[in-house]
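Descriptive analysis of the structure
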Amino acid sequence: MHWYAAAQLSSPEKYFQTAAFCLIVAVTLIAVGRYQRRTGRNIINPDKPVRVANVLLPEAPPSKGKRVADRVYLFFDWFLVLGVVINLINGIRAARS
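Everything numeric in this text was worked out from a predicted model, so none of it was measured.

**Description of helix H2 (residues 64-96)**
- Helix length check: H2, at 33 residues, gives a terminal C-alpha distance of 49 Å against a target of 48 Å (1.5 Å per residue), a fit within 8%.
- Those residues of H2 lying buried are Asp70, Leu74, Asp77, Gly83, Val84, Asn87, Asn90, Gly91 and Ala94.

**With respect to the packing of helix H1 (residues 12-39) against H2**
- Two elements in contact, H1 and H2, have axes separated by 8 Å at closest approach and are oriented at 160°. As the angle between them shows, H1 and H2 are arranged roughly antiparallel. Seen along the crossing, H1 lies across H2 with a hand that is left-handed.
- Class assignment for the residues of the contact of H1 with H2 results in 21 nonpolar, six polar and five charged.

**A short note on the confidence of the model for the chain**
- When the pLDDT values of the chain are averaged, the result is 77; 72% of them are 70 or greater.
- Across the chain, element-level confidence peaks in H1 with a mean pLDDT of 85 and bottoms out in strand S1 (residues 50-52) with 65.

**Observations regarding a nonpolar patch on the surface**
- A surface patch of nonpolar side chains, amounting to about 660 Å² of accessible area, comprises Val68, Val72, Phe75, Phe76, Phe79, Leu82 and Ile86.
- You can see Phe75 is positioned in helix H2.

**Let's talk about the side chain of Asp77**
- Structurally, Asp77 is set in helix H2.
- Although Asp77 is buried, it makes no salt bridge; Arg34 carries the closest opposite charge, 8.9 Å away.
- If we ignore the near neighbours within four places in the chain, the residues touching Asp77 are Ala26, Leu29 and Ile30.

Analysis parameters
- Residues numbered from 1 in each chain as written.
- Predicted model: local features only at pLDDT ≥ 70, side-chain atom pairs only at ≥ 80, totals over all residues.
- Heavy atoms only, no water.
- Helix = DSSP H or I, 4+ residues; strand = E, 2+ residues; numbered from the N terminus.
- Expected span 1.5 Å × (residues − 1).
- Buried < 20%, exposed > 50% of the residue type's maximum accessible area, 1.4 Å probe, protein only.
- Axes fitted to C-alpha atoms, helices over the stretch in contact; angles between N-to-C directions.
- Parallel < 35°, antiparallel > 145°, perpendicular 65-115°, else oblique.
- Left-handed = near helix turned anticlockwise from the far one by under 90°.
- Nonpolar A, V, L, I, M, F, W, Y, C, P; charged D, E, K, R; others polar.
- pLDDT = per-residue confidence, 0-100.
- Patch = residues over 30% accessible without salt bridge, like charges linked within 9 Å, V, L, I, M, F, W, Y side chains within 5 Å.
- Areas by Shrake-Rupley, 256 points an atom, 1.4 Å probe, with all protein chains shown as cover.
- Salt bridge = Lys/Arg side-chain N within 4 Å of Asp/Glu carboxyl O.
- Lys, Arg positive; Asp, Glu negative; His and termini not counted.
- Contact = heavy atoms within 4.5 Å.

Spelled out as structure tokens, the structure:
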């Protein structure tokens, strides 16, 4: 019934380090995903113009596949936030015991 009570807890520092790392990665990836979804431009090369016969053409709007990929990207980033919460709870539990 209480199988989880027998689990060994790591040190609180390990949980807090993992939570901090997950938080940094989550905030970065969520910001990148929102930028890409809002603008439709790649974060690495945002001002890539298209040149055809010495004429600059405006960039095409993002395709449906790119928009769906950006939403999936954001969806999975929120799992990192869940990891932050779980690691903080485990870190507090380990510090109290």
